[in-house]
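Chain residues, written in single-letter form:
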Amino acid sequence: MEVGLLMLAGGIAAGAFGSLLGLGGGLLIVPLLSLGFGLPLREAVGVSLVCVIVTSSASAGVYLQRRQANLRLGMVLELFTGIGAVIGGAIAFLLDERLLAGVFALLLLYVAATMARAGRRGATPPASDEATSVVGDDVDSRADAEPDEAAATVDPDAGTLGLAPDRARRLPLAAAVSVGAGVASALLGIGGGIIKVPLMHVTLGVPLRISTATSNLMVGITASTSAIVYLLRGGIDAYATGPTAVGVFIGASLGSRLGHRVNVPFLRLLFVAVLLFTAFQMARRALGR
Amino acid sequence: MGLETQGGSGASGRGSPGRPAGPVRPADQSTPASLEVALAHVLAVGTYASIALVGIGSVLLLAGGASPLDGGPPLQAASVVPDLFALRPAGFLWLGIVGILATPAIRVIRAGLGFWRRGERGLALVALLVLAVIALGVLIGVLIGVVAG
């Protein structure tokens, strides 16, 4: 009972943190379950994938209704993230867990550095993962986007997938990188927004807000494709998934409603410290200590 | 492949470097495209129904005094319904988890049908390919399971 409640509380904390800072839950759930509760890393990744789908599906619906997610671009790119997810799901069971822990430690360090840099600029990093912040039909109210960005919606009259002709020519590159995002998602239990958002924003010239919403939409297919591989391989534990997924859902809903009242710069600083500590612990696991 | 939009959606905006020029449209929530609204509905219903099942399963699990670290039973399709009627947590948890995993695929099916009806055959084909990739994931999962014994 106590362990279950602790898992629920951990899920709530991960969901709320992720929501307030615009990060996907996977980055927090995997270390929480593997370092905090002693689950094997691959099992933690399987649980995390389920949690990531929950928050993605709940908020993607809101983004679609607000026309902030580019459905057509998202569907084309998720074809490639899906392919990557199948590849990642297949090789995840061949790789040494210590190697996965090492890669995860590097990812945590990268996100910590990105957040610290963004903190100095006073903005949320564009590398933010899938936006869990609209779970529960509430709007992300963080002042992390330029005024124009916040108002941007998807244009019904735009050309090929809504991209300018010079940007549309970069679609093959975007497709190739999307495969990589899918592999990373399947191996590490993350949404992959950390790759997809900058890809769409910088390479394809999609406004940041729409990139984030579109990435969020794509996470569902990416994570569910790899989660199916995990499920059929026995890599998802229903008992561990239950309280964690419910906690993450509650936490993400709370986070989206508390956004106005929280001191985000302080939270970001705290989060950077948590990420660095977690990266250290993951690195120790990678080194077998 | 005919991916130009026909009354569909593309991204536009201005105000930061590295994006196509074009006017930013104020957020217009009164007339969202019907397909987007339908997909939002699919995602909302799928997610809330699935998380409700997982929630019930979690309450039953914790009320029964079991630990989530005990290791739950593997998914067996034949035992889900009996577990539900017997109020065993595994039935609710597995049904909810499968619902969570299926919701994005149902969204793609619905989107594919919507594109087909609108005559956007290229995007309908993309939806079909996405479903094929998911099916490939199922096949790979089964094969890995068989090989691993």
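Everything numeric here is computed off the predicted structure, so don't read it as measured data. (Residues numbered from 1 in each chain as written. Chains lettered and ligands numbered in written order. Predicted model: local features only at pLDDT ≥ 70, side-chain atom pairs only at ≥ 80, totals over all residues.)

Novice: What am I meant to see in the overall build of chain B here?
Specialist: Looking only at helices and strands, one finds four helices and one strand in chain B. Counting helices and strands in the order they occur from the N terminus, chain B gives β-α-α-α-α. Counting across all 149 residues of chain B, residues that qualify as buried make up 40%. Of the contacts formed within chain B by residues at least 6 apart in sequence, a portion of 60% connects residues at least 24 apart. (Helix = DSSP H or I, 4+ residues; strand = E, 2+ residues; numbered from the N terminus. Buried ≥ 20, exposed ≤ 12 C-beta atoms within 10 Å, placed from the backbone. Contact = placed C-beta atoms within 7 Å.)

Novice: Would you take a moment to explain the nonpolar core for this structure?
Specialist: The tendency in soluble globular proteins is for nonpolar side chains to be buried side by side. Val 50, Val 54 and Ala 227 of chain A are the most contacted members of the largest nonpolar core, which has 132 residues in total. Per-element tally for this core: the top contributor is helix H3 (residues 41-65) of chain A, with 15 residues. Look past the residues within four positions of Val 54 of chain A in its chain and what remains in contact with it is Ala 245, Val 248 and Phe 249 of chain A together with Thr 47, Ile 51 and Ile 100 of chain B. (Core = buried A, V, L, I, M, F, W, Y, C linked by C-beta atoms within 7 Å.)

Novice: When you look at helix H10 (residues 208-232) of chain A in this model, what are you seeing that I'm missing?
Specialist: All names here are of chain A. For H10, built from 25 residues, the straight-helix expectation of 36 Å at 1.5 Å per residue is met to within 8% by its first-to-last C-alpha distance of 36 Å. At Met 218, H10 shows its largest bend, some 30°. Most of H10 sits inside the fold, with 25 of its 25 residues counted as buried. (Expected span 1.5 Å × (residues − 1). Bend = angle between axes of the 7 residues up to and from the residue.)

Novice: Quick question: what am I supposed to make of the packing of H3 of chain A against helix H11 (residues 238-258) of chain A here?
Specialist: Each pair of packed helices can be summarised by the angle the axes make with each other and by the distance between the axes. Residues and elements named next belong to chain A. At their nearest, the axes of H3 and H11 sit 9 Å apart, and the two run at 40° to each other. For the pair H3 and H11, the crossing hand works out as right-handed. For the pair formed by H3 and H11, the contact residues are Glu 43, Val 47, Val 50, Cys 51, Val 54 and Thr 55 on the first element and Ala 240, Thr 241, Thr 244, Ala 245, Val 248, Phe 249 and Ala 252 on the second. Of the residues assigned to the contact of H3 with H11, the class counts are nine nonpolar, three polar and one charged. (Axes fitted to C-alpha atoms, helices over the stretch in contact; angles between N-to-C directions. Left-handed = near helix turned anticlockwise from the far one by under 90°. Nonpolar A, V, L, I, M, F, W, Y, C, P; charged D, E, K, R; others polar.)

Novice: What is the right way to look at helix H2 (residues 26-36) of chain A in this model?
Specialist: Residues lying three or four places apart along an α-helix face the same way, a consequence of the helix completing one turn every 3.6 residues. For H2 of chain A, the buried fraction is high: nine of the eleven residues fall into the buried class. Phi turns positive, to about 75°, at Gly 38 of chain A, one or two residues after H2 of chain A.

Novice: Would you mind going over the environment of Leu 163 of chain A with me for this structure?
Specialist: Residues and elements named next belong to chain A. By the secondary structure assignment, Leu 163 is in the loop between strand S1 (154-155) and helix H7 (165-168). On the neighbour-count criterion, Leu 163 (27 C-beta atoms within 10 Å) is buried. Once the C-alpha coordinates of Leu 163 and Leu 270 are considered, the two residues, 107 residues apart in sequence, prove to be 38 Å apart.

Novice: Can you help me understand the confidence of the model for chain B in this one?
Specialist: The predicted coordinates should not be examined in detail at positions where pLDDT is low. All names here are of chain B. Averaged over every residue, the pLDDT of chain B is 81; the share at 70 or more is 78%. No element of chain B has a lower mean pLDDT than strand S1 (residues 10-11), which averages 42, and none a higher one than helix H3 (residues 89-118), which averages 95. Taken as a whole, residues 5-32 scores under 50 in pLDDT and shows 88 contacts with residues more than four places along the chain or in a different chain. Per the prediction output, this complex has pTM 0.84; the corresponding ipTM is 0.84. (pLDDT = per-residue confidence, 0-100.)

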